[in-house]
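# What the coordinates show
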Amino acid sequence: LFACTPYLDPELRTRLVSWLSYHLGAFGFQWPWDRWQWVTERMAGDAHRSFCTQLLHRLLRVSYYEAVHQVK
């Protein structure tokens, strides 16, 4: 689904962000974060970067900054 992010309906994208943030929070934020470094190099309006930005904002809402930041 992430590969199709530019083509997803906005509601579906929001629900995917909600589901993924809940999943990551429930499993200790275990995720291959280093493999997602390429998203930070995308332009500000890019759909993939927007998705990841929404995901990080949602993660901070379900947890707190230090818990998300210390995960490597």
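The rules behind the values
- Residues numbered from 1 in each chain as written.
- Predicted model: local features only at pLDDT ≥ 70, side-chain atom pairs only at ≥ 80, totals over all residues.
- Heavy atoms only, no water.
- Helix = DSSP H or I, 4+ residues; strand = E, 2+ residues; numbered from the N terminus.
- Expected span 1.5 Å × (residues − 1).
- Buried < 20%, exposed > 50% of the residue type's maximum accessible area, 1.4 Å probe, protein only.
- Arc of directions from axis to C-beta.
- Polar contact = N/O pair within 3.5 Å; in protein donor to acceptor, adjacent residues only side chain to side chain.
- Lys, Arg positive; Asp, Glu negative; His and termini not counted.
- Salt bridge = Lys/Arg side-chain N within 4 Å of Asp/Glu carboxyl O.
- Contact = heavy atoms within 4.5 Å.
- pLDDT = per-residue confidence, 0-100.

## Observations concerning helix H2 (residues 47–62)
Its 16 residues place the ends of H2 23 Å apart at the C-alpha level, agreeing with the 22 Å of an ideal helix rising 1.5 Å per residue. Taken residue by residue, H2 has Ala47, His48, Phe51, Cys52, Leu55 and Leu59 as its buried positions. Mapping the buried residues of H2 onto a view down its axis gives an arc of 135°, with all of them on the same face. Among the exposed residues of H2, those pointing more than 90 degrees away from its buried face are His57 and Arg61. Sitting at the amino-terminal end of H2 is Asp46, which places a side-chain oxygen 3.0 Å from the backbone nitrogen of His48.

## Some thoughts on the side chain of Ser21
Secondary-structure assignment places Ser21 in helix H1 (residues 10–26). Taking the relative accessible area as the measure of exposure, Ser21 reaches 2% and is therefore buried.

## Quick look at the side chain of Arg13
Residue position: Arg13 is located in helix H1. Nearest to the buried, unbridged Arg13 among oppositely charged side chains is Asp9, at 8.0 Å. When residues no more than four places from it in sequence are discounted, the contact partners of Arg13 are Thr5, Pro6, Leu8, Phe51 and Gln54.

## Focus: the pattern of salt bridges
Within this structure, the stated rule accounts for two salt bridges. Across the salt bridge formed by Arg15 and Glu11, the nearest N and O atoms sit 2.8 Å from each other. Here Glu11 and Arg15 lie together in helix H1, a separation of four residues that amounts to about one turn. Taking relative accessible area as the criterion, Arg15 reaches 57% and is therefore assigned exposed. One salt bridge connects Arg42 with Asp46, and the closest N-O pair in it is separated by 3.1 Å. What makes Arg42 partly exposed here is its relative accessible area of 34%.

## Considerations on the confidence of the model for the protein
Chain-level statistics for the protein give a pLDDT mean of 85 and a share of 90% at 70 or above. Averaged pLDDT values for the elements of the protein fall to 68 in helix H3 (residues 65–69) and rise to 91 in H1.

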